[in-house]
Amino acid sequence: MAISVLICDDSGFARKQMARALPDNWDVEISFACNGEEALQAIAEGKGEVVFLDLTMPVMDGIQTLTHIKENDLNAMVIVVSGDIQPEAQAQVTQLGALDFIQKPVSKAKSTEVLKRFGLL
Amino acid sequence: MNKVNVSISEDQRDCYQEIANIAMGQAAALLAKLLDVKVILPIPVVNLIEVNELRMALSGIEASDKVSGVCQGFIGNRISGEALLIFNDASLGDISQLLKYPDELDTSVELELLMDVANILIGACLRGIGSQLDVTFSQGHPVVLGQHVNLPELISTNHYRWSKTLAIEINYKIEGYNINCDLLLLFAEDAINVLNNKVNYLLED
């Protein structure tokens with residue numbers, strides 16, 4: 001069965017870039033969200049088994065979203081994709097339960113490597 | 001100079017914003033490492049504006065604030081522009097503390113400090129943007145726009161040959177410190193179509 005993948009980023013260009021960076025022939029059902037609120041909604045609808053989450057977003061940012069996912073023990077494996085590459089940001093998202101942190105711009109090689117490492121591919 | 005009609009679409013603006021987002025993150029990481037601080041990243045603001053509206057583009061700084069600023073020209077692959085780094089004067093004490101400057105800040109020490117931070121932030125941002133657009137920018141010498149002046153004075157001392165500019169504003173703050181600085185990247189009017197073409201390439205499927 002296809003894995004549901006959610007791409008959450010306020011930038012349409014970034015969402016598209018992320019979708020293009022997913023491995024070829026990966027059996028997935030892709031959904032999109034523009035902010036954390038939309039992401040939580042999508043996760044509730046079962047559309048986010050794997051979530052690629054940006055950090056800097058209006059309405060509800062990535063850190064708030066991760067906190068909500070962790071506190072409510074939601075069924076979502078989150079990989080943070082961000083331009084904020086400060087070590088502190090990486091440590092914080094890992095602490096909040098994110099599987100990994102990918103630096104933008106994302107490449108197909110990088111996303112493949114991370115997904116393989118967590119047995120998602 | 002030939003006048004070309006320039007405009008940017010919503011998709012292009014979004015793409016510039018994302019490119020700026022990645023570049024400012026790289027610059028912030030460098031600054032964070034150097035100063036051993038956490039830089040708070042904003043969402044960059046991208047606008048195609050008239051040069052005479054420039055003051056309004058500086059949303060991160062109040063018009064009544066005393067400011068100091070430097071500018072630095074850049075050029076690469078037919079894309080030229082100017083970077084402006086503007087500090088709220090209230091920030092200078094905290095920055096000198098972080099950079100471990102001597103206690104007494106006189107005008108010349110402040111100038112050195114401005115130049116140091118400007119070189120780091122502007123250089124890293126331009127490299128970040130350049131690497132995404134496949135452009136190598138060369139930077140000119142930084143020039144002081146003014147010290148301890150009102151924002152309008154600082155901006156009006158600058159004269160541009162362009163009537164329109166693609167402006168990217170990034171407002172940096174540092175966690176736990178009273179530091180507020182605005183980095184403004186202004187792309188020349190005749191560079192906008194070149195940039196748009198590059199961005200269109202990225203937007204293609």
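The rules behind the values
- Residues numbered from 1 in each chain as written.
- Chains lettered and ligands numbered in written order.
- Predicted model: local features only at pLDDT ≥ 70, side-chain atom pairs only at ≥ 80, totals over all residues.
- Heavy atoms only, no water.
- Helix = DSSP H or I, 4+ residues; strand = E, 2+ residues; numbered from the N terminus.
- Buried < 20%, exposed > 50% of the residue type's maximum accessible area, 1.4 Å probe, protein only.
- Contact = heavy atoms within 4.5 Å.
- Areas by Shrake-Rupley, 256 points an atom, 1.4 Å probe, with all protein chains shown as cover.
- Lys, Arg positive; Asp, Glu negative; His and termini not counted.
- Charge placed at Lys NZ, Arg CZ, Asp CG, Glu CD.
- Pairing = 2+ DSSP bridges.
- Axes fitted to C-alpha atoms, helices over the stretch in contact; angles between N-to-C directions.

**Student:** How should the overall build of chain A be read in this particular structure?
**Tutor:** The secondary structure content of chain A amounts to five helices and five strands. Order of helices (α) and strands (β) in chain A, N terminus to C terminus: β-α-β-α-β-α-β-α-β-α. If you line up chain A on its principal axes, its C-alpha atoms span 30 × 30 × 25 Å. Residue burial in chain A is summarised as follows: out of 121 residues, 50% are buried. Sequence-distant contacts in chain A: of pairs separated by 6 or more residues, those separated by 24 or more amount to 64%. For chain A, the exposed area adds up to about 5600 Å²; of that, 49% sits on carbon and sulfur atoms. Each charge class in chain A can be summarised by its mean position, and for the 10 positive and 17 negative side chains these summaries are 8 Å apart.

**Student:** Teacher, can you tell me more about the pairing of strand β4 (residues 79–88) of chain B here?
**Tutor:** The two faces of a sheet get side chains in turn, since along a regular strand they alternate between them. Residues and elements named next belong to chain B. β4 sits mainly inside the fold: 10 of its 10 residues count as buried. Side chains Ile-79, Gly-81, Ala-83, Leu-85 and Phe-87 project from β4 onto one buried face, and the interleaved Ser-80, Glu-82, Leu-84, Ile-86 and Asn-88 project onto a second face that is buried too. Pairing of strand β3 (residues 66–76) with β4, which is carried by 10 bridges, proceeds in the antiparallel orientation. Residue pairing across strands places Gln-72 opposite Ala-83, the latter belonging to β4. Inspection of the sheet shows β4 paired to strand β8 (residues 180–187) by seven bridges, in the antiparallel sense. Counted as the bridge partner of Ile-86 is Asp-182 from β8.

**Student:** When you look at the sheet that holds strand β3 (residues 50–53) of chain A in this model, what are you seeing that I'm missing?
**Tutor:** What links the strands of a sheet is backbone hydrogen bonding, and the strands pair in either a parallel or an antiparallel sense. Residues and elements named next belong to chain A. In spatial order, the strands read β2-β1-β3-β4-β5; together these five strands make up an open sheet with parallel pairing. Two strands lie at the open edges of the sheet, namely β2 (28–33) and β5 (100–103), each paired on one side alone. Averaged over all pairs of adjacent strands, the angle between strand axes in this sheet comes to 20°, irrespective of strand direction. The sheet contact formed by strand β4 (residues 77–82) and β5 spans four bridges and is parallel. Each residue of the ladder has a partner; that of Val-81, found in β5, is Ile-102. Of the strands in this sheet, β1 (3–8), β2 and β3 are in contact with helix α2 (residues 36–44), which crosses β1 at around 170°.

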